[in-house]
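# Examination of the molecular architecture
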Amino acid sequence: MPPLNIVLRAMEQCQITVAELVITLLTSRQYKDHQLVQDLLAHSTDILNAFLRHPATEDNVIQKSCDIVKYMYLREIRDLVSGESGWHFRASNTSTKQLEDFSIKNTASKMESRAPRWWSLLGTLLGDEDTQSRGTVGTSMGGGRDDGDEGDDGKPASEDTLDNYWDQVDEIDLEGIINGLTGDSTALTGENKRLKRRAAIKTMKKTVISSILMQGINQKSNALQSILGFFLQSAHVPQKVINTLAHLGISISTDAINLAVRSLSAESQNLLRDLGRSVLASYAYNNFDVDLKSQVPTAEKLNDSLKHLTSGLLFPLVHGTTTNDLKCSEELWKKSVLNPYVEGHNIPRKHSCRDLLNLHREGSNDLNLSRRDKFNTWIFLHDLCTYGPEYLHQFQSMLQEPEAIEQIPLVKTPIYAARAMDINNSTVSGNIQAVIELLQQGGITDPAAPSTVRDDIGEEDLDSPDFSEHVVLVHSDLGTGEHLQSAQLHRSIESTPWNRFQHVVFIPGLFHLKMACADALWHCFIHPTTAREDETSLVRDITQIRPKETGIYASKPGFRRMHQLIGHAGICRRFDCWQTHVKSTIGCSSLESFAISKPIFEDLQAMANEIVHTYIATHRLQHLCMKPEKERDLQYENALLLNKYFLLYEELSYAMNCGDIGRVETSIVSWIPILKAVGKHKYATHMTNFLINVHFVYPAGLKRAVRYHRSRESDRTTNEMESCRLVRRTQ
């Protein structure tokens, strides 16, 4: 660099200082395009670093820089708490939409976009590995990283401890949260899972820290605190804990939570009334028990802590259902056998289970396969291509779902929870009270009664619509259906439709039918002592799949265990069928050797069509049973029957989950004789009568409304691949 003496003397002669020169160049518009200004701007970072290294100005520059940075961060946080940000949450005006729309992912993304520098600072403090400021700032200021806090693999020791902690916590499933925050819907495994988990946890920490500071600046900015307050309240966290967290800025106070609950209750009640008054509403209820333990027991109520309550749900009738479809109460009463004044010509002719066999007639096909055969073929192919050798996994994309018999259109149906009722519905009178109160919450009352009702919020005119000519769909279990039918029988002599319970049309829940089918399989293949003696019996499968639970399965396994057993054992047995078939037709000793031959998908389809005719019980089983006992293969016959029943259960579950009401009805017809055979006569009789009423008694509009709004549950458990590998028996 040339000597600066000439420049300095020139500045003295002009009576201008260096500071004045620099400030004038940077602030005056006259010199904004000057070469010196461009040079200053290009080397501004070097100039700042020079001031930081100079011992006389280091402290002042750092302090001024901190003030600037603090102002910048404060400005970004104030922008977050503004009313336009959408994070103001008034407890007294809380709505369901606010709770449904809240998302940690969206909140974090919005915070990062509106306050990027603040978000980056939090990432640096929390140890983001991708933060560029790590190391660069410390180096420029003469600092460095403390390597003593790192583990052997270069990661901070705190991260190793955190990973070990979450690996040991089995009750908490973070995968849903992690996938939501990282935008990845694939399964997480190994190191990839740990990396995504760290990123998700740090994102949640950033969101919580920012929310605490936002509430400190503006108490109305409390969206996250309100959501956490609702969670704490629903988890029955003690009031002292909630108030402590509220003082820390993590939650809202219990008073605010109570205000929000009242606001939500009022909104829910208005929604229930609006839905009920439209008449296009369906009702469902069931019992639940609460153990209200008293801290100070009294001699009068030593054993009276268990309360039997009733919960209810309302959901709208969709799929084009109109009020005219439900306006058939009088028509049904005229031809009801409960009507003491019914005229003979109005009574529908009697139908039996045989009339249900042709509800959905089979179409013609070239492969000589029925609908059920096609479904069974799909199940065999699905199991082989999903859980079989690796080569066969490529055919999963070529598998097409079974053709629907009658598909219910896919519609998002909102469900509204009714207020819990202090009613024991295990009796006829209890069910009567439950239905009346549930209708009352929907704004439907007895037309002959006063139009006002007193509730928790106040006394309001419900303006109940004229409901005397309409029916209401009520969903529940079989026991509830029996109580409601008993109530209708004993009230049939009443003078008004309301008192006769003429408006109630009961619809049995499909999930309870599914439970009955699982229990029927237990009665067929596990409960009889002789069924456990065969070495190819289902009990032998249990000893390999669930060796520690054989005693439970032999006594009372419950629905969940039976559901899993049917799925896992069914897959294993279908693998046996594949292995036996490829051995007898191709000569391959195993499915692995069969996969080495690289079959094409058409070959698999042809083999599956042969398997469903060979290894599943059909009408030919009757001819096998008629042979002399010495010529019969009882193990083979039992295996055919077990395969058939397991596939019937799979078909019912599949139809319920995908909304194929036609397949559901054909499956029920097949299950009716099985339920009768195992002694479940009530289920068989009620399902028979229900299908007869739907298809031969109800008007067309009501028939469609009932069929398209049957309560179903999508709770099919995914069968793990490991369970399939546990048992691969060869016949």
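## Some words on the nonpolar core
- In terms of nonpolar packing, the biggest core is built from 87 residues, with Leu521, Met562, Trp671 and Leu702 touching the most fellow members.
- Ranked by residue count, the leading element in this core is helix H21 (residues 510-525), at nine residues.
- If we skip the residues at most four places from it in the chain, Leu702 touches Asp325, Leu326, Cys328, Leu332, Val471 and Leu473.

## A few points about the packing of helix H28 (residues 634-658) against helix H29 (residues 661-677)
- At a minimum axis distance of 9 Å, the contact between H28 and H29 shows a crossing angle of 145 degrees. Crossing of H28 over H29 shows left-handed handedness. Counting all contacts with H28, which are made through Tyr645, Leu648, Tyr649, Glu651, Leu652, Tyr654, Ala655 and Met656, the residues of H29 involved are Arg663, Val664, Ser667, Ser670, Trp671 and Ile674.
- Class assignment for the residues of the contact of H28 with H29 results in 10 nonpolar, two polar and two charged.

## Side note on the sheet that holds strand S6 (residues 472-476)
- Taken together, the five strands give an open sheet; going across it, the order is S3-S2-S1-S6-S7, and neighbouring strands pair in mixed fashion. Across the chains shown, the open sheet's two edge strands, defined by having one partner strand only, are strand S3 (416-417) and strand S7 (504-508).
- Of the pairings in the sheet, the one linking strand S1 (residues 281-291) to S6 comprises three bridges and is parallel in character. Considered in S6, the bridge of Ser282 is made with Leu473.

## Some remarks on H29
- The end-to-end C-alpha distance of H29, which contains 17 residues, comes to 25 Å, matching closely the 24 Å that a straight helix rising 1.5 Å per residue would cover.
- At Trp671, H29 shows its largest bend, some 30 degrees, and a proline, Pro673, comes one to four positions later.
- Gly679 sits one or two residues past H29 and shows a positive phi near 95 degrees.

## Quick look at the pairing of strand S2 (residues 306-316)
- In this structure, S1 lies alongside S2, joined through 11 bridges in antiparallel fashion. Note that in S2 the partner of Ser282 across the bridge is Phe315.
- In the sheet, S2 pairs with S3 via two bridges, with the strands oriented antiparallel. For Leu314, the partnering residue across the bridge sits in S3 and is Tyr416.

## Notes on the side chain of Ser329
- Checked against the element boundaries, Ser329 lands in helix H17 (residues 329-334).
- Taking relative accessible area as the criterion, Ser329 reaches 1% and is therefore assigned buried.

## A short note on the packing of aromatic side chains
- Counted according to the given criterion, the structure contains eight aromatic pairs.
- Both rings, one in Tyr73 and one in Trp118, keep their centres 6.0 Å apart while their planes meet at 65 degrees; by these two values the pair is edge-to-face. In this pair, Tyr73 sits in helix H5 (residues 58-80) while Trp118 sits in helix H8 (residues 116-125), placing the two residues 45 residues apart along the sequence. Across this residue pair, the class does not change: Tyr73 and Trp118 are buried.
- Where Phe375 meets Trp378, the ring centres are 5.9 Å apart and the plane angle is 40 degrees; that geometry is what we call tilted. Linking Phe375 with Trp378, this pair stays in helix H18 (residues 371-387), spanning three residues, or about one helical turn.

## A short note on the side chain of Asp446
- Its location among the elements puts Asp446 in the loop between helix H19 (428-441) and strand S4 (452-454).
- There is no salt bridge for the buried Asp446, and the closest opposite charge comes from Arg491, which lies 8.1 Å off by N-O distance.
- When neighbours within four sequence positions are excluded, Asp446 is seen to be in contact with Trp498 and Asn499.

## Side note on the confidence of the model for the protein chain
- For the protein chain, the average pLDDT comes to 82, and 84% of its residues sit at 70 or higher.
- In this model residues 452-462 is a low-confidence stretch, pLDDT under 50, and it forms 25 contacts with partners more than four residues away in sequence or in other chains.
- Considering only residues more than four positions removed or in separate chains, one finds that residues 712-731, a stretch of pLDDT under 50, has 52 contacts.

## As for the pattern of salt bridges
- All chains considered together, the criterion is met by 18 salt bridges.
- In this structure, Asp67 and Lys70 form a salt bridge, with 3.7 Å as the shortest nitrogen-oxygen distance. On the criterion of helical spacing, the pair formed by Asp67 and Lys70 is a turn pair, its members being three residues apart in helix H5.
- Since its relative accessible area comes to 32%, Asp67 is described here as partly exposed.
- The exposure class of Lys70 is exposed, given its relative accessible area of 51%.
- Between Lys335 and Glu331 there is a salt bridge, and its shortest N-O distance comes to 3.9 Å.
- Among the charged side chains, a network of salt bridges with common partners joins Arg372, Glu651, Asp660 and Arg663.

## Digging into the packing of helix H24 (residues 558-585) against helix H26 (residues 601-614)
- Between H24 and H26, whose axes approach to 11 Å, the crossing angle comes to 105 degrees. As judged from the angle between their axes, H24 and H26 are roughly perpendicular. For the pair formed by H24 and H26, the contact residues are Cys577, Trp578, His581, Val582 and Thr585 on the first element and Leu604, Met607, Ala608, Glu610 and Ile611 on the second.
- Split by residue class, the contact of H24 with H26 holds seven nonpolar, two polar and one charged.

## Remarks on the environment of Ser251
- Mapped onto the elements, Ser251 comes out in the loop between helix H14 (239-247) and helix H15 (254-277).
- Taking the relative accessible area as the measure of exposure, Ser251 reaches 1% and is therefore buried.
- Sequence separation of Ser251 and Ile212 is 39 residues, and the distance between their C-alpha atoms is 9.1 Å.

## Re the environment of Val81
- Inspection of the secondary structure puts Val81 in the loop between H5 and helix H6 (96-101).
- Given a relative accessible area of 5%, Val81 falls into the buried group.
- Considering only alpha carbons, one finds Val81 and Met214, 133 residues apart in sequence, at a separation of 5.8 Å.
- Apart from the residues lying within four places of it in its own chain, the contact partners of Val81 are His88, Met214, Ile217, Asn218 and Ser221.

Cut-offs and rules
- Residues numbered from 1 in each chain as written.
- Predicted model: local features only at pLDDT ≥ 70, side-chain atom pairs only at ≥ 80, totals over all residues.
- Heavy atoms only, no water.
- Core = buried A, V, L, I, M, F, W, Y, C linked by side-chain atoms within 4.5 Å.
- Buried < 20%, exposed > 50% of the residue type's maximum accessible area, 1.4 Å probe, protein only.
- Helix = DSSP H or I, 4+ residues; strand = E, 2+ residues; numbered from the N terminus.
- Contact = heavy atoms within 4.5 Å.
- Axes fitted to C-alpha atoms, helices over the stretch in contact; angles between N-to-C directions.
- Left-handed = near helix turned anticlockwise from the far one by under 90°.
- Nonpolar A, V, L, I, M, F, W, Y, C, P; charged D, E, K, R; others polar.
- Pairing = 2+ DSSP bridges.
- Expected span 1.5 Å × (residues − 1).
- Bend = angle between axes of the 7 residues up to and from the residue.
- Phe/Tyr/Trp six-rings, centres within 6.5 Å; stacked < 30°, edge-to-face > 60°.
- Lys, Arg positive; Asp, Glu negative; His and termini not counted.
- Salt bridge = Lys/Arg side-chain N within 4 Å of Asp/Glu carboxyl O.
- pLDDT = per-residue confidence, 0-100.
- Parallel < 35°, antiparallel > 145°, perpendicular 65-115°, else oblique.

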